[in-house]
Amino acid sequence: MTKEELLALDQANIWHPLTQHKTAAVPIAIASAEGNYLYDMERKSYFDGISSWYTCSYGHRHPVLIKAMKEQLDHLHHVVFAGMTHEPAARLSQSLLDILPENQAKLFFSENGSTSVEIALKMAFQYHFNRDEKRPLVVALEGGFHGDTFGAMSASGLSVYNGPFEDFFIDVRRIPVPTPDNLEQVLAQVDQLAQDRQVASFIYEPLIQGAAAMKMHRPEELDIVLKRWQHHGVLTIADEVMTGFGKTGSFFASDQMHSQPDIICLSKALTGGIMPMAITTCTSKVFEAFYDDELAKGLFHGHTYSGNPLGCAVANAAIGLLESVPIQEGITQITASQKDFVQSLQSHQSVASIRSKGVIMALDLNIQMQRYGYQRNQIFQWFWNRGLFIRPLGNTIYLVPPFTTQQDQLKTAQELIIQFLDGISSGAIFKI
Ligand SMILES: *Cc1c(COP(=O)(O)O)cnc(C)c1O
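The structure reproduced in this document is the subject of the present report. (Residues numbered from 1 in each chain as written. Predicted model: local features only at pLDDT ≥ 70, side-chain atom pairs only at ≥ 80, totals over all residues. Heavy atoms only, no water.)

**Focus on the packing of helix H12 (residues 374-385) against helix H13 (residues 407-426)**
The geometry of H12 relative to H13 is characterised by a closest axis approach of 11 Å and an angle of 130 degrees between their N-to-C directions. In terms of orientation, H12 and H13 fall into the oblique class. Taken as a pair, H12 and H13 cross one another with a handedness that is right-handed. Mapping the contact onto sequence places Ile379, Trp382 and Phe383 in H12 and Leu416, Ile417, Gln419 and Phe420 in H13. Residue composition of the contact of H12 with H13, by class: six nonpolar, one polar and no charged. (Axes fitted to C-alpha atoms, helices over the stretch in contact; angles between N-to-C directions. Helix = DSSP H or I, 4+ residues; strand = E, 2+ residues; numbered from the N terminus. Parallel < 35°, antiparallel > 145°, perpendicular 65-115°, else oblique. Left-handed = near helix turned anticlockwise from the far one by under 90°. Contact = heavy atoms within 4.5 Å. Nonpolar A, V, L, I, M, F, W, Y, C, P; charged D, E, K, R; others polar.)

**Let's talk about the pairing of strand E13 (residues 351-357)**
Taken together, the six bridges between E13 and strand E14 (residues 360-365) define a ladder with antiparallel strand orientation. Its bridge partner lying in E14, Ser353 is registered against Asp364. Between E13 and the antiparallel strand that follows it, E14, lie two residues; Gly358 among them carries a positive phi value of about 60 degrees. (Pairing = 2+ DSSP bridges.)

**As for the packing of aromatic side chains**
For the structure on display, the rule yields 17 aromatic pairs. Look at Phe380 and Trp384: their rings are 5.8 Å apart centre to centre, the planes differ by 15 degrees, and that puts the pair in the stacked class. Of this pair, Phe380 and Trp384 are both found in helix H12, four residues apart, which corresponds to roughly one turn of the helix. As far as burial versus exposure is concerned, Phe380 and Trp384 are alike and both buried. The ring of Tyr39 is capped by Arg43, whose NZ or CZ atom sits 4.3 Å from the centre of that ring. A cation over an aromatic ring shows up here: Lys106 above the ring of Phe287, its NZ or CZ 4.4 Å from the ring centre. (Phe/Tyr/Trp six-rings, centres within 6.5 Å; stacked < 30°, edge-to-face > 60°. Buried < 20%, exposed > 50% of the residue type's maximum accessible area, 1.4 Å probe, protein only. Lys NZ or Arg CZ within 6 Å of the ring centre and 35° of its normal.)

Structural data, given as structure tokens:
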């Protein structure tokens, strides 16, 4: 198919996510991807600076993942997961539990981050319900993002475009991200919210709020807040859909805290970007509240593709990769390089603030901008024209490179960012 034919069909037939079609640019046609690069229809390459929304952490078409997928295709690609089971799920359950925080005991499968959050919220509501308590409230962090389905959307604090749905939200209260400065106030708020036993769960993104433009917070204060919620009998839900699987330097961001969550949401890099899959994990304590002679105490939630064997097989292979020496070395090297980069740009004139955690680096430009809009698109285009794929959020530019990124590849991306910052300072790139 030529590029023109492809785009004609796209424009005629397709409704893209997160898009106002009247004003949006024509989408970019991608022909293929290999390693850490995307290729357009003219075979021009682009470094995948955000691992295709934090999924392709092992680059594109990693041979180990492709092999696992092909082998599984020869045996079983799909079967009902209610009342049936299979080896890929059994293997994955063990390899995942081996690397999860040690209090996690059970895995519930779905297909995307939003559903993993819906399931977590439902688990928490029903956990209390099954123990003869009705707790109708959820508490979330300000600026959090948890997905686009109703429960997840309700829990998200970035509801700029959620106007049409607000009347249907579940009841979510918000507390600020705890810092050394506000910790006492936040704890007072927690105590106040918890006092009449109405709060079912507290949901949070540990260490990094991704969609809030890679805002980072310290583990210490969050740890204290989690302990306080647990003291009040509120279930804690770590949304590790973005932070999971190595990006923060540990297998999970929760590994960097003392108190472990009751429930964890996983998706994105779970299968290395090959199959859409998600898992909600929980402790035995949570599971036991559902374990009963009474049918209705079970969790009556399920998706057609739950526990899909192809997804399980490739997720299992991805965990093997994550644990491997080359990938762990890659994470260590990228982490060090991002730290140096952050250090070197601390006092750059065009940088308002800059930070890194694990392989993730984010910087806020010293300019005011809208979250989405014309200027943001200009920044995207500037980098894209020079072979780097990033998705700026407002005035924040960030990198979440694949763990397979070579040092020179990362250097090239970082140097491009410096060139951009210098260009803003000198007024050479564009006037904002
Ligand atoms: C992406 C994301 C989600 C939603 O996942 P989808 O697969 O897009 O539904 C939820 N929580 C966090 C933290 C995310 O980054």
